[in-house]
There are 2 protein chains.
Amino acid sequence: MALPEIKALLFDVFGTVVDWRSSISRQAAEFGVKHGVSANWDIFADEWRDGYSSGMAKVNAGDDRWKIVDEIHRDRLNLLLEKYEFPEIPEAEISEFNKAWHRLDGWPDSTDGLTRLKSKFVIASLSNGNVALLTNMAKYTNLPWDAVLSAQLAGKYKPHPTAYQTAASLLGLETNEVLMVAAHSGDLHGARAAGLRAALVTRPDEYGDPEKADLVSEPEFEYFAKDFHDLADQLGCS
Amino acid sequence: MALPEIKALLFDVFGTVVDWRSSISRQAAEFGVKHGVSANWDIFADEWRDGYSSGMAKVNAGDDRWKIVDEIHRDRLNLLLEKYEFPEIPEAEISEFNKAWHRLDGWPDSTDGLTRLKSKFVIASLSNGNVALLTNMAKYTNLPWDAVLSAQLAGKYKPHPTAYQTAASLLGLETNEVLMVAAHSGDLHGARAAGLRAALVTRPDEYGDPEKADLVSEPEFEYFAKDFHDLADQLGCS
């Protein structure tokens with residue numbers, strides 16, 4: 001059963017709710033074919049994703065101005081187009097390809113599992129992705145959020161405590177009334193440090209290699225589940 | 001047909017999407033019975049609502065610190081409990097009654113009309129109500145928002161232009177790509193001044209007297225509809 005005080009669930013999105021790697025790899029392959037470029041597109045996806053972490057770290061450290069994730073993705077994309085020797089491409093087309101991150105497929109259990117969890121709790125995203133990205137993604141892959149929350153609304157990226165605390169505050173809740181759900185231990189440590197509860201949901205296929213995924217729970221995480229249906233069962237959802 | 005550039009619709013909520021007056025009147029009557037107080041609860045609802053406008057005006061003018069609408073409602077409720085000679089009531093119960101504004105019924109066309117509009121556009125709230133209030137209300141009366149946006153995220157209340165511009169920016173859109181939908185001319189003038197498009201949807205029953213409602217369009221409003229189905233027809237939604 002759920003801890004009685006839990007009223008809302010916040011979800012990490014990239015990797016936890018959606019399969020960014022195969023979605024980006026597929027769209028990058030299409031983009032490559034169109035522009036006559038061949039590559040290992042899974043690696044291209046990984047390299048694009050690497051720019052996300054380093055870009056946010058720079059913002060949180062004050063080494064870069066505030067940038068939304070669309071901008072951080074674009075910074076890295078500019079480097080990758082050069083590295084992979086893409087020809088000259090019109091700006092509008094690059095900008096559209098950069099929105100590949102708005103079009104990511106959910107894991108097989110995501111929509112149905114979230115719908116079950118929504119029957120009992122407020123469910124909201126809490127991603128570092130910007131609000132527009134998350135809103136478009138929810139429409140694209142049918143994620144039934146009650147609210148689209150983002151670190152953008154805090155001006156600090158997870159795992160900074162302000163990102164979690166702002167989300168709880170926007171929902172009108174105390175931090176211990178909120179359960180953070182993520183496939184990444186680092187995110188959950190951040191949530192616990194900010195006073196939230198934590199649920200690790202395993203996503204062994206996120207990086208294409210289960211060795212790279214967080215598959216083992218830790219004592220400070222209140223819940224450990226193999227997917228959203230398992231979590232819904234543990235939280236007493238019908 | 002819709003203007004081709006329109007990508008998202010923002011909705012005023014109190015009065016435009018939900019029938020605050022009869023919902024508050026009904027909950028106030030129940031609260032009155034419980035505490036042995038008789039009154040005209042429609043007038044009680046109107047008096048509570050009056051505190052909303054004056055409270056926000058004070059915040060926008062800098063005559064009060066930033067307060068979310070839950071606080072503004074509570075300020076006025078405290079006065080009304082005294083005026084209507086309610087007995088001493090435990091804090092938790094007053095706080096719960098203050099959330100009557102989270103439990104407002106949609107107009108008969110609201111859920112189905114929004115669902116039609118959602119099939120073609122991003123749809124989001126843009127209310128002065130705080131995010132928690134809007135999120136709980138959407139769950140209570142089944143409003144299928146793609147995103148819950150609020151003037152709270154701008155730190156300025158409508159009709160300040162920052163409230164509208166922040167919402168468009170969070171959706172990653174130019175202001176002229178966004179259509180503001182409201183039953184109130186003042187809100188739509190604010191939206192137009194901020195660069196958004198405007199649709200007046202008439203809600204003759206909002207104040208219990210059609211004379212008090214805005215039922216006539218104005219040249220600067222691009223759309224004029226009698227309800228959300230009419231608007232969906234005009235915007236070419238199936």
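1. Looking at the domain arrangement of chain A
Residues and elements named next belong to chain A.
Item 1. Under the domain assignment used here, chain A contains domain 1 (8–19 + 104–234) and domain 2 (20–102).
Item 2. Measuring from the centre of the C-alpha atoms in domain 1 to the corresponding centre in domain 2 gives 23 Å.
Item 3. In this assembly, 21 residues from domain 1 lie in contact with 14 residues from domain 2.
Item 4. For the side of domain 1 that touches domain 2, the residue count by class is eight nonpolar, nine polar and four charged.

2. Considering the relation of the copies chain B and chain A
Item 1. For the pair chain B and chain A, the best superposition has an RMSD of 0.0 Å and corresponds to a rotation of 180 degrees with a translation of 0.0 Å parallel to the axis. Both copies of the chain, as the preceding transformation shows, are related through a two-fold rotation axis. Ranked by how close their C-alpha atoms come to the rotation axis, the residues of chain B are headed by Ala147 of chain B, at 2.9 Å.
Item 2. Looking at the interface residues of chain B, 100% of them are also at the interface in chain A, so both copies use one shared face.

3. Digging into the sheet that holds strand β4 (residues 178–182) of chain B
Residues and elements named next belong to chain B.
Item 1. Pairing in this open sheet of six strands is parallel, and the strands run β3-β2-β1-β4-β5-β6 from one edge to the other. The sheet is open, and its two edges are formed by β3 (147–150) and β6 (223–225), each paired on a single side. Averaged over all adjacent pairs, the angle separating strand axes in this sheet is 25 degrees, with direction ignored.
Item 2. Strand direction decides the pairing type here: strand β2 (residues 122–127) and β3, joined by four bridges, are parallel. Note that in β3 the partner of Ala124 across the bridge is Ala147.

4. A closer look at the environment of Lys139 of chain B
Item 1. For Lys139 of chain B, the location among the structural elements is in helix α6 (residues 131–141).
Item 2. Separated by 83 residues in the primary sequence, Lys139 of chain B and Glu222 of chain B place their C-alpha atoms 31 Å from one another.

5. Digging into the interface of chain B and chain A
Item 1. Counting from both sides, the interface comprises 14 residues of chain B and, opposite them, 14 residues of chain A.
Item 2. Within the residue set of the side of chain B that touches chain A, elements represented by two or more residues are α6 and β3 of chain B.
Item 3. Considering every element that reaches the side of chain B that touches chain A, the biggest residue donor is α6 of chain B, with five residues.
Item 4. Of the residues assigned to the side of chain B that touches chain A, the class counts are nine nonpolar, two polar and three charged.

Rules behind the numbers
Throughout this document, residue positions are counted from 1 along each chain, in the order its sequence is written. Think of it this way: whatever chain is written first is A, whatever ligand is written first is 1, and the rest follow in order. Note on the predicted model: pLDDT of at least 70 is required for a residue's local features to be given, and 80 or more for side-chain atom pairs to be given and counted; whole-chain, interface and lining totals, by contrast, use all residues. Domain start and stop positions are those given by an automatic or database domain assignment. Contact between residues is assigned whenever the C-beta positions, reconstructed from backbone atoms, fall within 7 Å. Following the grouping adopted for this structure description, the nonpolar residues are Ala, Val, Leu, Ile, Met, Phe, Trp, Tyr, Cys and Pro, the charged ones are Asp, Glu, Lys and Arg, and the polar ones are all others, Gly among them. Least-squares fitting of one copy onto the other uses the C-alpha atoms of those residues that reach a pLDDT of at least 70 in both copies. DSSP bridges decide pairing: two strands pair if at least two such bridges lie between them. Secondary structure elements follow DSSP: runs of H or I of four or more residues count as helices, runs of E of two or more count as strands, with numbering from the N terminus. Every axis in this analysis is a line fitted to C-alpha atoms, fitted for helices over the stretch in contact. Angles between the N-to-C directions lie between 0 and 180 degrees.

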